[in-house]
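Structural overview
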Amino acid sequence: MTITIRSVEKKFGRYPALNKVDLEIADGELLALLGPSGSGKTTLLRTIAGLEFPDAGQVLFDGEDVTFASAAARRVGFVFQQYALFKHMTVAKNIAFGLDVRKGKDRPSKGEIAQRVEDLLKLVELDGLGKRYPSQLSGGQRQRVALSRALAVQPSVLLLDEPFGALDATVRKSLRRELRRVHDATGVTTIFVTHDQEEALELADRVAILNKGEIEQIGTPDQVHDQPATAFVCGFVGEANCFEGQVNGGRFSAGALGLPASGVREGSATAYVRPHDFVLDDGGFEVRVDRAHVQGALTTVNATATDGRHIEISASRAEAALFQGTVKIAARKAHVYAA
Amino acid sequence: MAAISHRRAVDDPLWAKVLIVGVVMAFLALVLILPLAAVFVEALRKGLGPALEAVNNPDALAAVKLTLITAAISVPFNAVFGLCAAWAIAKYEFRGKALLITLIDLPFSVSPVVAGLIYVLIFGLQGWFGEYLVDNDIKVIFAVPGIVLATVFVTFPFVARELIPLMQEQGTSEEEAAVSMGASGLYTFWRVTAPNVRWGLMYGVLLCNARAMGEFGAVSVVSGHIRGLTNTMPLHVEILYNEYDFVGAFAVAALLCLLAVVTLVLKTALEVGAPGMRGRGGH
């Protein structure tokens, strides 16, 4: 299912949640909507689902206008942040809900429904738990039930609102892989909302970054991380040291830090340098090393420049061993944006 | 050592626990149990026979009947109204929501006598609709409709008050999930919303019923105290008492108490049956 969003606008009172958003999602794609809270990402997801309706613009499913079609008519599978499982129904009944509710000949027979529930429980590795109630499951298990309930209706598109937000780090990680596996197994077009960039970069084929109701950039995880289109994306995706300074004659300077900035408008500007893009360089500027701590294969070095600015550097352990006392560093790569 | 290691920071010393529990018990005994016992003692002062006779009196039976009819009309009405109000407040956003919440509480804050007077003012002979009602031979005040109206007014917060926090806590995502899977509004209500609120609804209905049967002030103003016609049980108790028929008064009062006790037993049974209904509900 190809999904097209055409200049969709949505206001809540006087507060604009979505401002002329355009987005195209390819069939079978796994897309992440990434942004801080209040960026409009959940509103966009709910608009695609048919749980909210836009003030202006269009939502197309395979070229067909579904802007004001109900969620049921769109055949979406929606997974809520707080699971929204039916507390008084067993796991099996929860999963079967979307099939039980069908009328007449659309409704599968009891045996078929039971079989489908079995298959889905197996898909999310919860076999044998069909007779339990949601309150008897862990958070991760509940989210798996919610996922299989959404998949039971064989949705044209699977939508997930902060699906791992309420879970602890370990469960989160395993469920991420789980979602990727389920997506690859079913091939269903999937869109999920998250404020966790790590989650978006790890899981998605493409990431759309939202800020203040607008899409700042859409691209593969590599693209948004390595070639951020805007200052916001650069600051939001991945770690970055931020410098406020001036661009003069194609060079950015902020205190002792100087960077090439060809093609950037003259005047005040912001530069972002990833921690791993700082290297030892005798032609660079001076910093005092305050502290170094190990992070897996890398070491994070906290340093202070002569003007008192804090700088975070990430290097391999061998390289980091050379960061002792006062050293000179330079940025081998930077992103500079006119203010 | 074991006793010390099990002590928690918020545990009070034994003497404090005994004192606090003792104070509560003594207070309850004085203001609740003693009067309740007195009702039954007074009713049975001259033996079971006269007490039963007083309850079996045609006027008393008429009062029982009227009380049951009043409750039978006003409780379902308020159950439906309370459910609608709670639904509107918990699930929708609209202007005047705060005002609606305040209005629902009004019967709790207004004296029941004033509530009764309001209806006299509207439907009484000199009231706004007085002439129209007389011309069309419709009796509201000093008749059953007035009693039902006054009871509905006084008891309408109970179900709504019980359901609003419950439904607000539950939010709308379960309903959204149901609708997104193709359930109709009605199907969603019966299969998702109703099961989630049923214990709260029953609890509210019980409280509402207890008050509907016991209401005195508002009903007293609109009833007219016509024996056998517009006397409810609480009013009948007062009339008998004022006539120095103590056995009769206390016998009917005892019957009213028994109805209350049945309500409380049902309420407790509900709480045992649905341990999650108060507060813990959650996810």
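Residues numbered from 1 in each chain as written. Chains lettered and ligands numbered in written order. Predicted model: local features only at pLDDT ≥ 70, side-chain atom pairs only at ≥ 80, totals over all residues.

With that settled, the discussion passes to the overall build of chain A. The helix and strand tally for chain A stands at 10 helices and 19 strands. Projected onto its principal axes, the C-alpha coordinates of chain A cover approximately 75 × 45 × 30 Å. Per-residue burial for chain A yields a buried fraction of 40% across its 339 residues. Taking all contacts inside chain A whose residues are at least 6 apart in sequence as the whole, residues at least 24 apart take part in 63%. (Helix = DSSP H or I, 4+ residues; strand = E, 2+ residues; numbered from the N terminus. Buried ≥ 20, exposed ≤ 12 C-beta atoms within 10 Å, placed from the backbone. Contact = placed C-beta atoms within 7 Å.)

With that settled, consider the overall build of chain B. Summing up its helical and strand segments, chain B has 14 helices and 0 strands in all. Start at the N end of chain B and walk to the C end: the helices and strands fall as α-α-α-α-α-α-α-α-α-α-α-α-α-α. Considering only C-alpha atoms, chain B reaches an extent of 65 × 60 × 30 Å along its principal axes. Going through the 283 residues of chain B one by one, you find that 34% of them count as buried.

A word on the nonpolar core. The biggest cluster of nonpolar side chains holds 101 residues, and the ones touching the most others in it are A:Leu159 and A:Ile209. Counting residues per element, this core draws most heavily on helix 5 (residues 139-152) of chain A, at 6 residues. The contact partners of A:Leu159, leaving out residues within four places of it in the chain, are A:Leu45, A:Ile48, A:Ala49, A:Val76, A:Gly77, A:Phe78 and A:Ile191. Core analysis: the next-biggest nonpolar cluster, separate from the first, contains 42 residues, B:Ala71, B:Ala115, B:Tyr119 and B:Trp199 among them. (Core = buried A, V, L, I, M, F, W, Y, C linked by C-beta atoms within 7 Å.)

When its domains are assigned, chain A resolves into domain 1 (3-234) and domain 2 (241-338). With 4 residues of domain 1 of chain A in contact, the opposing surface of domain 2 of chain A contributes 4 residues. (Domains from an automatic or database assignment.)

All names here are of chain A. Ordered by their spatial adjacency, 6 strands build an open sheet running 6-7-8-3-9-10, and the pairing between neighbours is mixed. Strands with a single pairing partner mark the edges of an open sheet, and in this sheet they are strand 6 (76-79) and strand 10 (214-219). Neighbour-to-neighbour, the strand axes of the sheet open up by a mean angle of 15°, direction not taken into account. In this structure, strand 7 (residues 157-161) lies alongside strand 8 (residues 189-194), joined through 5 bridges in parallel fashion. Bridge assignment links Asp-161 to a residue of strand 8, and that residue is Val-193. (Pairing = 2+ DSSP bridges. Axes fitted to C-alpha atoms, helices over the stretch in contact; angles between N-to-C directions.)

With that out of the way, let us pick up the interface of chain B and chain A. Across the contact, 15 residues belong to chain B and 17 residues belong to chain A. Only helix 10 (173-180) and helix 11 (185-214) of chain B provide two or more residues apiece to the side of chain B that touches chain A. Broken down by element, the residue count for the side of chain B that touches chain A peaks at 7 residues, all from helix 10 of chain B. By residue class, the composition of the side of chain B that touches chain A is 8 nonpolar, 5 polar and 2 charged. (Nonpolar A, V, L, I, M, F, W, Y, C, P; charged D, E, K, R; others polar.)

Glancing now at the sheet that holds strand 14 (residues 267-273) of chain A. Residues and elements named next belong to chain A. Across the sheet, 5 strands lie side by side as 13-12-11-14-19; this open sheet has antiparallel pairing. Lying at the two open borders of the sheet, with one neighbouring strand each, are strand 13 (257-260) and strand 19 (335-338). Averaged over all pairs of adjacent strands, the angle between strand axes in this sheet comes to 35°, irrespective of strand direction. For strand 11 (residues 241-248) and strand 14, the ladder comprises 7 bridges, and the chain directions are antiparallel. Across the sheet, the residue bridging to Asn-241 is Val-273, located in strand 14.

Two numbers describe a pair of packed helices, the interaxial angle and the distance between the axes. Residues and elements named next belong to chain B. Direction vectors running N to C along helix 4 (residues 58-91) and helix 11 enclose 145°, while the axes themselves pass 9 Å from each other. Once helix 4 is placed against helix 11, the crossing between them reads as right-handed. In this structure, helix 4 contributes Thr-67, Thr-70, Ala-71, Ser-74, Val-75, Asn-78, Ala-79, Gly-82 and Leu-83 to the contact, and helix 11 contributes Leu-201, Gly-204, Val-205, Cys-208, Asn-209, Ala-212 and Met-213. Residues belonging to the contact of helix 4 with helix 11 are distributed by class as follows: 9 nonpolar, 7 polar and no charged. (Left-handed = near helix turned anticlockwise from the far one by under 90°.)

The next thing to look at is the packing of helix 6 (residues 112-123) of chain B against helix 8 (residues 144-155) of chain B. All names here are of chain B. Look at helix 6 against helix 8: their axes get within 10 Å of each other, and the N-to-C directions meet at 135°. Taken together, helix 6 and helix 8 sit at an angle that is classed as oblique. Note on packing geometry: the crossing formed by helix 6 with helix 8 is right-handed. On the side of helix 6, the interface is formed by Pro-112, Ala-115, Gly-116, Tyr-119 and Phe-123, while helix 8 contributes Gly-146, Leu-149, Ala-150, Phe-153 and Val-154. When the residues that make up the contact of helix 6 with helix 8 are grouped by side-chain class, the tally is 8 nonpolar, 2 polar and no charged. (Parallel < 35°, antiparallel > 145°, perpendicular 65-115°, else oblique.)

The phi dihedral of A:Ala84 falls on the positive side, at around 55°, and the residue is not glycine. Judged by local crowding, A:Ala84 falls into the buried class, with 27 C-beta atoms found within 10 Å. We note that B:His225 has phi near 55°; this positive angle belongs to a residue other than glycine. Considering the arrangement of structural elements, one finds B:His225 in the loop between helix 12 (217-223) and helix 13 (233-242).

Residues and elements named next belong to chain B. When its domains are assigned, chain B resolves into domain 1 (1-43) and domain 2 (48-273). Here the C-alpha centre of domain 2 lies 33 Å away from the C-alpha centre of domain 1. Of the residues lining the interface, 5 residues belong to domain 1; the matching set on domain 2 comes to 8 residues.

Next up on the list: the environment of A:Ala315. All names here are of chain A. Along the chain, the position of Ala-315 falls in strand 17 (residues 310-316). Looking at Ala-315, the number of C-beta atoms within 10 Å reads 20, which means it is buried. Along the chain, Ala-315 and Leu-298 lie 17 residues apart, while their C-alpha atoms are 5.6 Å from each other.

It is worth spelling out the confidence of the model for chain A at this point. Taken over all residues, the pLDDT of chain A has a mean of 91, while the share at 70 or more is 100%. Put simply, strand 13 of chain A is where chain A has its lowest mean pLDDT, 83, and strand 3 (residues 30-34) of chain A is where it has its highest, 96. (pLDDT = per-residue confidence, 0-100.)

Given 3.6 residues per turn, any residue in an α-helix points the same way as the ones three and four places further on. Residue and element names in this part refer to chain B. With 12 residues, helix 6 extends 17 Å between its outermost C-alpha atoms, agreeing within 8% with the 16 Å of an ideal straight helix rising 1.5 Å per residue. Buried within helix 6 we find Ala-115, Gly-116, Tyr-119 and Phe-123. One face of helix 6 carries all of its buried residues, which in axial projection span an arc of 100°. Buried positions along helix 6 lie against helix 5 (97-109), helix 7 (130-135), helix 8 and helix 12. (Expected span 1.5 Å × (residues − 1). Arc of directions from axis to C-beta.)

Let us now look at the environment of A:Ala256. Residue and element names in this part refer to chain A. Relative to the elements of secondary structure, Ala-256 occurs in the loop between strand 12 (251-254) and strand 13. By C-beta crowding, Ala-256 is classed as partly exposed, having 14 other C-beta atoms within 10 Å. Separated by 50 residues in the primary sequence, Ala-256 and Thr-306 have C-alpha atoms spaced 7.7 Å apart. Leave out the neighbours within four places in its chain, and Ala-256 touches Phe-285, Glu-286, Ala-305, Thr-306 and Asp-307.

Let's shift gears to the pairing of strand 10 of chain A. Residues and elements named next belong to chain A. Bridge count between strand 9 (residues 206-211) and strand 10: 5 bridges; the pairing is antiparallel. Bridge pairing links Asn-211 to Glu-214 in strand 10. Once strand 9 ends, the chain turns through 2 residues before running back antiparallel as strand 10, passing Lys-212 with a positive phi of about 50°.

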